[in-house]
Amino acid sequence: MLRIGLTGGIGSGKSTVLKTLAALGAATIDADAISRATTAAGGAAMPAIAREFGPEFVAPDGAMNRDRMRAEVFSRPEARRQLEAIVHPLVSAAIRAQGEQAMAEGRRCLVIDIPLLVEGGRERHALDHVLVVDCLPETQVQRVMARSGLDEAEVRAIIAAQAPREARLAAADTVIFNQDLSLAQLEAEVRRVAAGFGL
């Protein structure tokens, strides 16, 4: 089974690429969705988060207080490391389990959407190919502001906290440059790349 790591900065169009690859027959794993599940109400990371950070980081519904944690990890790098030490092993274990299931089902191609692939580096050795979705930083800012309601400074802070664009491009085996492409053009480009993966 071909194991492909998909990554890209916020607002690059990575989610659309993942959906298109799934429609073409790839088994897909969304590491971000797994991560969110671990910090949702009843999530596997919540007892350790409450213990490490305190009850004020747990929302009334039992999920992680995302706004509070976002502010904490942006202001204190050590907090980011603490959170990652709790969440990452849980995410890695879930990715392994889902990958084994895809293999048992006889899938030929597994695409793992890993937003922090370049930052974490841990998963790279287990991948056969890295696919990066790229666009210009100004485009990232415009797209994220349009969809999220965040202001420009907030979006730029998120981009600054991610791996530099140059580092993602250096890690790539294949790049989809999603700049000024219509949805139909992006999907056509994904189909072209997917053909090389046997999809």
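Attention here is on the structure that accompanies the text. (Residues numbered from 1 in each chain as written. Predicted model: local features only at pLDDT ≥ 70, side-chain atom pairs only at ≥ 80, totals over all residues. Heavy atoms only, no water.)

**Topic: the overall build of the protein chain**
Scanning the protein chain for helices and strands turns up ten helices and five strands. Out of the 199 residues belonging to the protein chain, those deemed buried represent 42%. Across the protein chain, the fraction of contacts at a sequence separation of at least 24, relative to all contacts at a separation of at least 6, is 71%. With an accessible surface of roughly 10100 Å², the protein chain has 54% of that area assigned to carbon and sulfur atoms. Charged side chains in the protein chain number 23 positive and 25 negative. The centres of these two groups are separated by 3 Å. (Helix = DSSP H or I, 4+ residues; strand = E, 2+ residues; numbered from the N terminus. Buried < 20%, exposed > 50% of the residue type's maximum accessible area, 1.4 Å probe, protein only. Contact = heavy atoms within 4.5 Å. Areas by Shrake-Rupley, 256 points an atom, 1.4 Å probe, with all protein chains shown as cover. Lys, Arg positive; Asp, Glu negative; His and termini not counted. Charge placed at Lys NZ, Arg CZ, Asp CG, Glu CD.)

**Things to note about the packing of helix α1 (residues 14-23) against helix α10 (residues 183-195)**
When two helices pack together, you describe them by how their axes are tilted relative to each other and by the distance separating the axes. For the pair α1 and α10, interaxial distance at closest approach is 10 Å and the crossing angle is 55 degrees. Comparing the axis directions of α1 and α10 gives the class oblique. The handedness of the crossing between α1 and α10 comes out as right-handed. Every residue of α10 that contacts α1 at Thr16, Val17, Thr20 and Leu21 is listed here: Leu183, Leu186, Glu187, Val190 and Ala194. When the residues that make up the contact of α1 with α10 are grouped by side-chain class, the tally is six nonpolar, two polar and one charged. (Axes fitted to C-alpha atoms, helices over the stretch in contact; angles between N-to-C directions. Parallel < 35°, antiparallel > 145°, perpendicular 65-115°, else oblique. Left-handed = near helix turned anticlockwise from the far one by under 90°. Nonpolar A, V, L, I, M, F, W, Y, C, P; charged D, E, K, R; others polar.)

**Comments concerning the packing of aromatic side chains**
Summed over the entire model, instances satisfying the criterion amount to one aromatic pair. Between Phe53 and Phe57, the ring centres sit 5.5 Å apart and the planes meet at 55 degrees, which makes this aromatic pair tilted. Residue Phe57 is classed as buried on the basis of its relative accessible area of 4%. (Phe/Tyr/Trp six-rings, centres within 6.5 Å; stacked < 30°, edge-to-face > 60°.)

**Observations regarding the environment of Arg68**
With respect to the secondary-structure elements, Arg68 resides in helix α4 (residues 66-75). Under the relative-accessibility criterion, Arg68 is labelled partly exposed at 40%.

**Observations regarding the environment of Arg80**
If you trace the backbone, Arg80 turns up in helix α5 (residues 77-104). With eleven residues separating them along the chain, Arg80 and Met69 place their C-alpha atoms 8.9 Å apart. With residues near it in sequence (within four places) discarded, Arg80 still touches Val73, Phe74 and Ala161.

**Brief notes about helix α3 (residues 46-53)**
Every buried residue of α3 is accounted for by Met46, Ala48, Ile49 and Phe53. The buried side chains of α3 occupy one side of the element, clustering within an arc of 160 degrees when seen end-on. Exposed and facing more than 90 degrees away from the buried side of α3 are Pro47 and Arg51. Those residues of α3 that are buried are in contact with α2 (31-38), α4 and α5. The positive-phi residue at the C-terminal boundary of α3 is Gly54, with phi of around 105 degrees. (Arc of directions from axis to C-beta.)

**A short note on the packing of α4 against α5**
Put simply, α4 and α5 touch, their axes get as near as 5 Å, and they point 120 degrees apart. As the angle between them shows, α4 and α5 are arranged oblique. Together, Met69, Glu72, Val73, Phe74 and Ser75 of α4 and Pro77, Ala79, Arg80 and Leu83 of α5 make up the contact between the two elements.

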